[in-house]
Amino acid sequence: MMNNTNIIDFDGVLYEESNDEDKQKILFKFVTEGILLNLVGIQGIFGNIISMIILSRPQMKSSINYLLIGLARCDTVLIMTSVLLFGIPAIYKYTGYLYVYYFKVYPHLVLAVYPLALIAQTVSVYLTLTVTLERFVAVCHPLQARSLCTYGRARLYVILIIVFSTLYNLPRFWEVQIEELPPESRYNTTLYEVRMSPLRDNPFYISIYIHWMYLIFIYFLPFSSLAVLNAAIYRQVRRANKERQRLSRLQKKEIGLATMLLCVVVVFFLCNILALVSNICEAFYGNPPDQVVATSNMLITINSSVNFIIYVIFGEKFKRLFLKLFCSHGWLGVGGRDSPDPNTHDDSIVSNGDGRNYSLRSTHTTCHLHRSGTTVVRNGSARNGNGVHRAGRIPRAPSPGPCVYYPARNTFLPQLRRASSVASASSCFSLWSTGVMSFLGVFV
């Protein structure tokens, strides 16, 4: 998070004009903010744009992905404000270049960019908390997930978070002001500089709003909630991994998504812990060192830039779509299918006219059935043997048991004879004989 006192640099003294101690501070800021922050920020902007493109694809539409799109947009705004507030000014302080930006453009930008940066920061924190809460419901309370984790609710959460963050940071618009430099300035044109407003110098305002409310609403409340929720998610993920073979495909997908978002939250903690320490020091012990503030600003930018990399590493579906959209005709030459699932099976339902439907799964792309009177349903379309189509999706009948699947030759009948119940074996053989012989007969 951004440090409340040192977020704006009010000193325009250059590197050559400074003493040795200030030279070390300016050099450190140039490396961390002028170089690293700008480079990471540029990569992060491109990564977040790619993330928004992929997450907005039709096959990725879900409540959690809508929240992640909102988080990517917020992180993009936060990166841009960090570059404008910290990255470019740090270049001027060390090199002397961009003085027009520093004394003309920057002071006017600060009036709007400074509050916008803190609004984006608040939105980012609470969107991360909302993503964690959504995963907690999906993983730990799956029965309630269908009603709570919906696309409409996700949009409502994003709107409410933006409104809350804007209202909470409204006083920031009156914390800074710009002033003209005195006429004896060494420059031949009118220049401006940023100053703190009287509101920002008010001790009561600093104590209540800047220190205590900031620590409670931006750190303690969301951080403690994230810690509790992610501890519960982690326990559930560990328990599920021990019984992974018994999980359904949907459950495995939810566990994989929860694992990926756990990594997002861990990075969030690591990149924000130094800013938390910095703000605590400011609240109780005075302003922290400039090097600590510069490092925390760079870490915040890294946190806003790294989510795309996490999605590519841990999100199988995200990675497939990324390769399909951006690498299928590029350097890697990796092609992708329209289906986001790695194993797309061809599911068919065959009816032999006895009122029962049999599910047949095959990885073949084509299957020709020509026997009259046999109905094949494929992808929601019904075709009979005479070539007549009937629209409408027929739900798949429940599997009648192990007899539905293809048995090995000369092994299935002895297994039936060895069954403990004669009635059950007779019924199973009759069902298998009727279904399989009807299906094999269509190839005659």
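- Looking at an unreviewed UniProt entry, one finds the protein chain named G-protein coupled receptors family 1 profile domain-containing protein, with Diploptera punctata as its source organism.
- Quoted verbatim from the Subcellular location (unreviewed entry) field of UniProt, the annotation for the protein chain is "Membrane".
- Under Sequence similarities (unreviewed entry), UniProt gives the following word-for-word description of the protein chain: "Belongs to the G-protein coupled receptor 1 family."

1. Here we look at the packing of aromatic side chains
Two aromatic rings are characterised by how far apart their centres lie and by the angle between their planes.
Logical step 1: Throughout the structure, instances matching the rule amount to 23 aromatic pairs.
Logical step 2: Geometrically, the ring pair formed by Phe-308 and Phe-318 is edge-to-face, given 6.1 Å between the ring centres and 70 degrees between the ring planes. With Phe-308 in helix α10 (residues 307-314) and Phe-318 in helix α11 (residues 316-327), this pair connects stretches of sequence that are 10 residues apart. Pair check on accessibility: Phe-308 and Phe-318 agree, each one buried.

2. Here we look at the packing of helix α2 (residues 63-95) against helix α3 (residues 99-140)
Logical step 1: Remark: α2 packs on α3, axes separated minimally by 7 Å, with the N-to-C direction vectors making an angle of 150 degrees. Compared by their axis directions, α2 and α3 come out roughly antiparallel. Note that α2 runs across α3; the crossing there is left-handed.
Logical step 2: Residues that form the contact of α2 with α3 fall into these classes: 27 nonpolar, seven polar and four charged.

About the criteria used
- Residues numbered from 1 in each chain as written.
- Predicted model: local features only at pLDDT ≥ 70, side-chain atom pairs only at ≥ 80, totals over all residues.
- Heavy atoms only, no water.
- UniProt positions renumbered as here; feature names shortened; annotations may be inferred.
- Phe/Tyr/Trp six-rings, centres within 6.5 Å; stacked < 30°, edge-to-face > 60°.
- Helix = DSSP H or I, 4+ residues; strand = E, 2+ residues; numbered from the N terminus.
- Buried < 20%, exposed > 50% of the residue type's maximum accessible area, 1.4 Å probe, protein only.
- Axes fitted to C-alpha atoms, helices over the stretch in contact; angles between N-to-C directions.
- Parallel < 35°, antiparallel > 145°, perpendicular 65-115°, else oblique.
- Left-handed = near helix turned anticlockwise from the far one by under 90°.
- Nonpolar A, V, L, I, M, F, W, Y, C, P; charged D, E, K, R; others polar.

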